4 protein chains.
Amino acid sequence: MTEAEDWWATAISDISPGSIRLRGYAIEDLIGSVSYPQMVWLMTRGSLPSAAEAALLELTLVAAVDHGPQAPSVAAARMAASCGLDLNNAMATGVNLLGDVHGGAGQQCMEVLRSLVDSGQPVGAAATALVAAYKERGAYVPGFGHRFHPRDPRRDPLMTAIAEAVADGTVEGRYVEAALALEAVLAGGARPVPMNIDGATATIYCELGFAPELGRGLFVLSRSVGLLAHAWEQHNEPTRIKGPLPRSANPTYTGPPPRTLP
Amino acid sequence: MTEAEDWWATAISDISPGSIRLRGYAIEDLIGSVSYPQMVWLMTRGSLPSAAEAALLELTLVAAVDHGPQAPSVAAARMAASCGLDLNNAMATGVNLLGDVHGGAGQQCMEVLRSLVDSGQPVGAAATALVAAYKERGAYVPGFGHRFHPRDPRRDPLMTAIAEAVADGTVEGRYVEAALALEAVLAGGARPVPMNIDGATATIYCELGFAPELGRGLFVLSRSVGLLAHAWEQHNEPTRIKGPLPRSANPTYTGPPPRTLP
Amino acid sequence: MTEAEDWWATAISDISPGSIRLRGYAIEDLIGSVSYPQMVWLMTRGSLPSAAEAALLELTLVAAVDHGPQAPSVAAARMAASCGLDLNNAMATGVNLLGDVHGGAGQQCMEVLRSLVDSGQPVGAAATALVAAYKERGAYVPGFGHRFHPRDPRRDPLMTAIAEAVADGTVEGRYVEAALALEAVLAGGARPVPMNIDGATATIYCELGFAPELGRGLFVLSRSVGLLAHAWEQHNEPTRIKGPLPRSANPTYTGPPPRTLP
Amino acid sequence: MTEAEDWWATAISDISPGSIRLRGYAIEDLIGSVSYPQMVWLMTRGSLPSAAEAALLELTLVAAVDHGPQAPSVAAARMAASCGLDLNNAMATGVNLLGDVHGGAGQQCMEVLRSLVDSGQPVGAAATALVAAYKERGAYVPGFGHRFHPRDPRRDPLMTAIAEAVADGTVEGRYVEAALALEAVLAGGARPVPMNIDGATATIYCELGFAPELGRGLFVLSRSVGLLAHAWEQHNEPTRIKGPLPRSANPTYTGPPPRTLP
């Protein structure tokens, strides 16, 4: 092995002529034996999940596929498609936008849930203190409330599923407890802010043992489905160089009036 | 509806406060009822696949997740992660590279298979003519041969599965026939060039009725798993600003010798 | 030199500890001696331009910096900034959209102008034939007409400058002649379609000897200024997760009515 | 004006049929009257710089164009080009990588210089305290030292130019003083860590009154030149799907040995 080969060392894939092994398993054994969610788990964590764990992961991958062209990631992917970009470039454009603000709430909520569970305090007290601290600095608790939905329709099926997984012993339930404690504290405010999809998926990901950063990566895998569907729908429409507004409209100008160079 | 609202019209998602419907189905009905591959199908095509169709799609999504850091898409995602980019930006960097050359062979193979089936000729004769035409212009037939693998280990499990789906009536089998005809013609050359993963997935996607462009989109969904795993592995390593070579090595310089400005 | 070092061979930059040479010139000699446009020329072509050539290039880099948020590249960069992305990620998002349709007209026009000049025919006749061929297949001649401006205000200053450069012998003028011939033929149509910025910059780039593909690259360098300005303006506004429409508006839904799973 | 038009309000560009005004100036007045660096300043800040200010900005735009394919941004752009991506997509890939770690040192150094100048303390004392604080937490001071160059060859011409601009009254010199104070403190360490290009450009940008975030944006405009040159050089080479290592080399595998599914 040369220094350059070591520079690119990886524990994920072992490729040699005629052979592809991922995390030690031959690809021909994996095809047909593991599902897409199991493969996601294997690739990111190095081992295979149980069927029950994979089922929980699959719920989250299904839940977050799309929120329409009002989402900037989807709109950007559609605009890219209207500029003639291939589907991969249009999808990349959308994925790029799923940063801290648009795609990071799940990751941030996972960090919050972990901090509650790791606090050593009873979760109720820890949740009360955390909400007070957020309120004091005028911040939203990530994973709760939605700027569009009074109650996010994805919350209940996800939280029901994870509650069942606690009941049957698939997961331990400490993060579910923390998330529900937070929701209870937040329900006492001026306006209830129930858990949203980011909060519900964060709860599941914490229970399944994913690192917070991976929460964002899993969201990308899910939302990429919507990006593909929207880029493809746009690709099949005649509009080209699609701006945010139809051509008859023009962004309002708020700058200096016409002037001449000095 | 205003003109601006019409400008962003879509048949995919119908979002109103408290409600998310995808292709007409309420998201709370979909979660737990459909798998990730079924959701991919629903979103891109507007209707739900049968279980057997979804199983075939899932095989392809599992098969193509990774080919190691030797692939430029994976290397670019790892370099992005080493530059401190968040996982979504690193994944977007990799997805962007899956263009015509690195991610388009499946799409191109689908077009080839369609042209054979639509030719009106017996597929054997059509395949012979097509291979001759490619040979004459010195081009490779997309989906056949691999620059690294003498025989791609993903070919057999995929082609076995689609053969079984033909046998049980899940799909018709015309594209399988065309792909095998091409492979047979190519086996008669100086060096056999068996079907590779792009050819095998193209065959399955054609049988399932996907448009060729979607072949690339589905590949992106699959390869995104590997991009995530590699970006995450790199994120957890101490190397920063990772170039293609270790710092002790330096790209060979082939330009003009030192010179001074005129 | 190892094989890996040769793999990354380049004729552009020669870097060793304490030394950076670009195309053979020491960076400390270049700083303060060459302008940005001269550096662009040196880096892409390997030699330094004359002052007159650099001045023409600078005109084009100034002319194309922005066309407002109605342009999808600019809108996407602004949306990215509103999602909290750093300026480089927001700029990359916009640059990604400058593909064949949104950023390729200049390159395509350069190919048209070259084909006229290389046709061996008198340019008038060649232009007439070319316009007829485009008309027959219902296509626009790239670089002429603008979907928004009846007459592009950037045409005249650019074409005046290149005409002066022909007069003083800086450039030969064959591509100017071809572009004006095309414009003259197109003026005879139902609706005059004067040269737009892509046509005018394409004329200048052809006269300066740039390859057509570089036409797009130079446009990217110019438009990146607008992308930066708009991403920065957006960054300083409070809006987060900015979709194409304000929250009170909602994209029109055109898909199937509410339905239940089978 | 509709709400949607207000949603896209901007103070930068005022576009109407036949008219393009940037920051109030007609584009036809700007073309030929202002240089590229002046345009960069006008677009990002709303007013025109003096000739002396523009000349300082131009130095920085020239200085940072390239650091060879060893830089991950350049390598990623070259890999993208080898995958057949158009130049804009290849450039976007490289720009995307210029994040906090690979492209943010200048911005971070600007924040450091501002904190010294705004500290109210004599800069010498403030610099000593800052270096001690960085040392205590084991961090590098951004803008000083280079992992490859013992002394960055771009430092001297840039710092000489800004010193002259202080002498002739173009700028005030407080940030120059702070930067030199930092360099002097750092010279007293175990290993001297002279200012690098990020430190020198940060000093100039602070003197010119740019916001720190714009430091990164200006670096992107400069480095985009190198990205274009490298993507174009790669485009003209026959290598396709260029990974980090030549095909004969293979990344070292460090994961689990071959295993079978449970």
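Parameters and conventions
Residues numbered from 1 in each chain as written. Chains lettered and ligands numbered in written order. Predicted model: local features only at pLDDT ≥ 70, side-chain atom pairs only at ≥ 80, totals over all residues. Heavy atoms only, no water. UniProt positions renumbered as here; feature names shortened; annotations may be inferred. Helix = DSSP H or I, 4+ residues; strand = E, 2+ residues; numbered from the N terminus. Buried < 20%, exposed > 50% of the residue type's maximum accessible area, 1.4 Å probe, protein only. Contact = heavy atoms within 4.5 Å. Areas by Shrake-Rupley, 256 points an atom, 1.4 Å probe, with all protein chains shown as cover. Phe/Tyr/Trp six-rings, centres within 6.5 Å; stacked < 30°, edge-to-face > 60°. Lys NZ or Arg CZ within 6 Å of the ring centre and 35° of its normal. Buried area = accessible area lost by both parts, 1.4 Å probe. Salt bridge = Lys/Arg side-chain N within 4 Å of Asp/Glu carboxyl O. Polar contact = N/O pair within 3.5 Å; in protein donor to acceptor, adjacent residues only side chain to side chain. Pairing = 2+ DSSP bridges. Least-squares fit on C-alpha atoms with pLDDT ≥ 70 in both. Axes fitted to C-alpha atoms, helices over the stretch in contact; angles between N-to-C directions. Parallel < 35°, antiparallel > 145°, perpendicular 65-115°, else oblique. pLDDT = per-residue confidence, 0-100. Domains from an automatic or database assignment. 1 Å grid on protein atoms, 1.4 Å probe; cavity = no way out; pocket = protein on both sides within 12 Å on 5 of 7 lines; lining within 4 Å. Points joined across faces, edges and corners; volume = space filled by probe spheres on them.

The name an unreviewed UniProt entry gives chain A is citrate synthase (unknown stereospecificity), with Kribbella deserti as the organism. UniProt's Sequence similarities (unreviewed entry) comment on chain A is quoted here verbatim: "Belongs to the citrate synthase family." Looking at chain A in UniProt, the text filed under Pathway (unreviewed entry) is "Carbohydrate metabolism; tricarboxylic acid cycle."

Visitor: So what's going on with the overall build of chain A? Residues and values would help.
Guide: Helix and strand content of chain A: 13 helices and 3 strands. Relative to its 262 residues, chain A shows a buried fraction of 65%. Long-range pairs, those at least 24 residues apart, make up 71% of the contacts in chain A with a sequence separation of at least 6. Here chain A displays about 8900 Å² of accessible surface, and carbon together with sulfur accounts for 52% of that area.

Visitor: Go over the packing of aromatic side chains with me, naming the residues and quoting the values.
Guide: One pass over the structure, following the stated rule, counts 10 aromatic pairs over all chains. Between the aromatic rings of Trp41 of chain A and Phe210 of chain A, the centroid separation amounts to 5.1 Å while the plane-to-plane angle is 70°, which identifies the pairing as edge-to-face. Of this pair, Trp41 of chain A sits in helix α3 (residues 36–45) while Phe210 of chain A sits in the loop between α12 (197–208) and α13 (212–235), and the two are 169 residues apart along the sequence. Under the relative-accessibility criterion, Trp41 of chain A is labelled buried at 3%. A relative accessible area of 1% places Phe210 of chain A in the buried class. Taken together, the ring pairs connect Trp41, Tyr205 and Phe210 of chain A into an aromatic cluster. The ring of Tyr134 of chain C carries Arg137 of chain C above its face, with NZ or CZ at 4.4 Å from the centroid.

Visitor: Tell me about the interface of chain A and chain B, and name the residues and values.
Guide: Contacts between the two partners involve 88 residues from chain A and, on the opposite side, 88 residues from chain B. Here chain A and chain B share an interface that buries about 7300 Å² over both sides, 73% of which is from carbon and sulfur atoms. For the chain A face of the interface with chain B, the top three residues by lost area are Trp7, Trp8 and Tyr36 of chain A, together amounting to 12%. A salt bridge links Asp86 of chain B to Arg216 of chain A; its shortest N-O distance comes to 3.2 Å. Residue contributions to the side of chain A that touches chain B peak at 17 residues, all from α13 of chain A.

Visitor: So what's going on with the interface of chain B and chain D? Residues and values would help.
Guide: Contacts between the two partners involve 33 residues from chain B and, on the opposite side, 33 residues from chain D. For the pair chain B and chain D, the summed buried area comes to about 3000 Å², and 64% of that belongs to carbon and sulfur atoms. When the buried surface of chain B facing chain D is broken down by residue, Gln70, Val101 and Arg147 of chain B rank first, second and third, together holding 23% of it. There are 0 salt bridges connecting chain B and chain D. Between chain B and chain D we count 11 residue pairs in polar contact (both at pLDDT 80 or more) in total.

Visitor: Tell me what's going on with the side chain of Ser82 of chain D, and back it up with residues and numbers.
Guide: Residue and element names in this part refer to chain D. Following the sequence through the fold, Ser82 ends up in helix α5 (residues 72–82). Among the polar contacts listed, one links the side chain of Ser82 to the backbone oxygen of Met79, at a separation of 2.8 Å. Within the structure, the side chain of Ser82 is placed 2.7 Å from the backbone nitrogen of Lys242, a separation counted as a polar contact.

Visitor: Outline unusual backbone geometry, supporting the account with residue identities and numerical values.
Guide: Residues other than glycine seldom take positive phi values, yet Arg23 of chain B does so here, at roughly 55°. Examined against the element boundaries, Arg23 of chain B turns out to sit in the loop between β2 (19–22) and β3 (25–26).

Visitor: Kindly report on the environment of Val34 of chain A, identifying the contributing residues and their values.
Guide: Looking at the element boundaries, Val34 of chain A is found in the loop between α2 (27–30) and α3. In sequence terms Val34 of chain A and Leu59 of chain A are 25 residues apart; their C-alpha atoms lie 16 Å from each other. Beyond its immediate sequence surroundings of up to four residues, Val34 of chain A is in contact with Met39 and Leu48 of chain A, Val62 of chain B together with Leu261 of chain D.

Visitor: Could you give an account of the sheet that holds strand β2 (residues 19–22) of chain C, with specific residues and numbers?
Guide: All names here are of chain C. Pairing is antiparallel in the open sheet, where 3 strands are placed in the order β1-β2-β3. Two strands bound the open sheet, and with one partner strand each, they are β1 (13–16) and β3 (25–26). Pairing analysis gives 2 bridges linking β2 to β3, with the strands arranged antiparallel. Its bridge partner being in β3, Arg21 is matched across the sheet by Ala26.

Visitor: Which residues make up the relation of the copies chain A and chain B, and what values go with them?
Guide: Between the two copies, chain A and chain B, the superposition gives an RMSD of 0.0 Å; the rotation angle is 180° and the shift along the axis is 0.0 Å. Such values leave the two copies arranged in the relation of a two-fold axis. Nearest to the rotation axis, the C-alpha of Ala92 of chain A is located 2.2 Å from it, this being the minimum over chain A. A share of 100% of interface residues in chain A that are also interface residues in chain B marks the association as one of identical surfaces.

Visitor: Give me the lowdown on the relation of the copies chain B and chain D, citing residues and values where you can.
Guide: When chain B is fitted onto chain D, the two copies agree to an RMSD of 0.0 Å after a turn of 180° and an axial shift of 0.0 Å. Both copies share a contact surface, since 100% of the interface residues of chain B are interface residues in chain D too.

Visitor: Quick one: what's the story with helix α6 (residues 87–96) of chain D, residue by residue and with numbers?
Guide: Where burial is concerned, most of α6 of chain D is hidden: 10 out of the 10 residues are buried. Those residues of α6 of chain D lying buried are Leu87, Asn88, Asn89, Ala90, Met91, Ala92, Thr93, Gly94, Val95 and Asn96 of chain D. Check the buried side of α6 of chain D and you find it contacts α6 (87–96) of chain A, α6 (87–96) of chain B, α6 (87–96) and α13 (212–235) of chain C together with α5 and α13 (212–235) of chain D.

Visitor: Give me the lowdown on the packing of helix α4 (residues 51–63) of chain B against helix α13 (residues 212–235) of chain B, citing residues and values where you can.
Guide: Residues and elements named next belong to chain B. Where α4 meets α13, the closest approach of the two axes is 7 Å, and the angle between their N-to-C directions is 55°. Classified by the angle between their axes, α4 and α13 sit oblique to one another. Side by side, α4 and α13 meet where Leu57, Thr60, Leu61 and Val62 of the first sit next to Leu218, Leu221 and Ser222 of the second.

Visitor: Any details on the confidence of the model for chain A? Residues and values, ideally.
Guide: On average, residues of chain A carry a pLDDT of 96, and 100% of them reach 70 or more. Two summary scores accompany this predicted model of the complex, namely pTM at 0.97 and ipTM at 0.97.

Visitor: Can you tell me about the pattern of salt bridges, naming the residues and giving the values?
Guide: Applying the stated criterion across every chain, the model contains 36 salt bridges over all chains. Note that Glu233 of chain B and Arg78 of chain B form a salt bridge whose closest N and O atoms lie 2.6 Å from each other. Taken as a pair, Glu233 of chain B in helix α13 and Arg78 of chain B in helix α5 (residues 72–82) lie far apart in primary sequence, 155 residues in all. You'll find Glu233 of chain B and Arg78 of chain B in the same group, each marked buried. One salt-bridge network, in which partners are shared between bridges, spans Arg151, Arg155, Asp156 and Glu183 of chain A.

Visitor: Account for the domain arrangement of chain A, with residues named and values stated.
Guide: Residue and element names in this part refer to chain A. As assigned here, chain A comprises domain 1 (12–49) and domain 2 (50–243). Computed from C-alpha coordinates alone, the two centres of domain 1 and domain 2 are separated by 26 Å. Between domain 1 and domain 2, the contact holds 9 residues from the first and 13 residues from the second. Buried area between domain 1 and domain 2, summed over both chains or domains, comes out near 920 Å², and the portion from carbon and sulfur atoms is 73%. Three residues, Pro37, Trp41 and Arg45, lead the burial of domain 1 against domain 2; their summed loss comes to 51% of the area buried on that side.

Visitor: Describe the environment of Glu237 of chain B, listing the residues and the values that go with them.
Guide: Its location among the elements puts Glu237 of chain B in the segment after α13. Since its relative accessible area comes to 28%, Glu237 of chain B is described here as partly exposed. Every residue in contact with Glu237 of chain B, bar those within four places of it in the chain, is listed here: Ala9 of chain A together with Arg78 and Lys242 of chain B. Reaching out from Glu237 of chain B, the side chain makes a polar contact with the side chain of Arg78 of chain B at a distance of 3.4 Å.

Visitor: Which residues make up helix α3 (residues 36–45) of chain D, and what values go with them?
Guide: Note: α-helices contain 3.6 residues per turn, so residues at a spacing of three or four share the same orientation. Residues and elements named next belong to chain D. Within α3, 9 of the 10 residues are buried, which leaves it mostly tucked inside the rest of the structure. For α3, the complete set of buried residues consists of Tyr36, Pro37, Gln38, Met39, Val40, Trp41, Leu42, Met43 and Thr44. Positive phi shows up at Gly46, right after α3, with a value of about 95°.

Visitor: An account of empty space enclosed by the protein is requested, with residue identities and associated values reported.
Guide: Over the atoms, a rolling probe the size of a water molecule traces out where space has been left empty. Residues and elements named next belong to chain D. Per the counting criterion, the structure on display carries 7 cavities of 30 Å³ or more. Computed from the structure, the largest cavity encloses a volume of approximately 120 Å³. Along the wall of the largest cavity there are 16 residues; nearest its centre are Asp198, Thr201, Tyr205, Gly215 and Phe219. Looking at the lining of the largest cavity, the elements with two or more residues in it are α8 (105–117), α12 (197–208) and α13.

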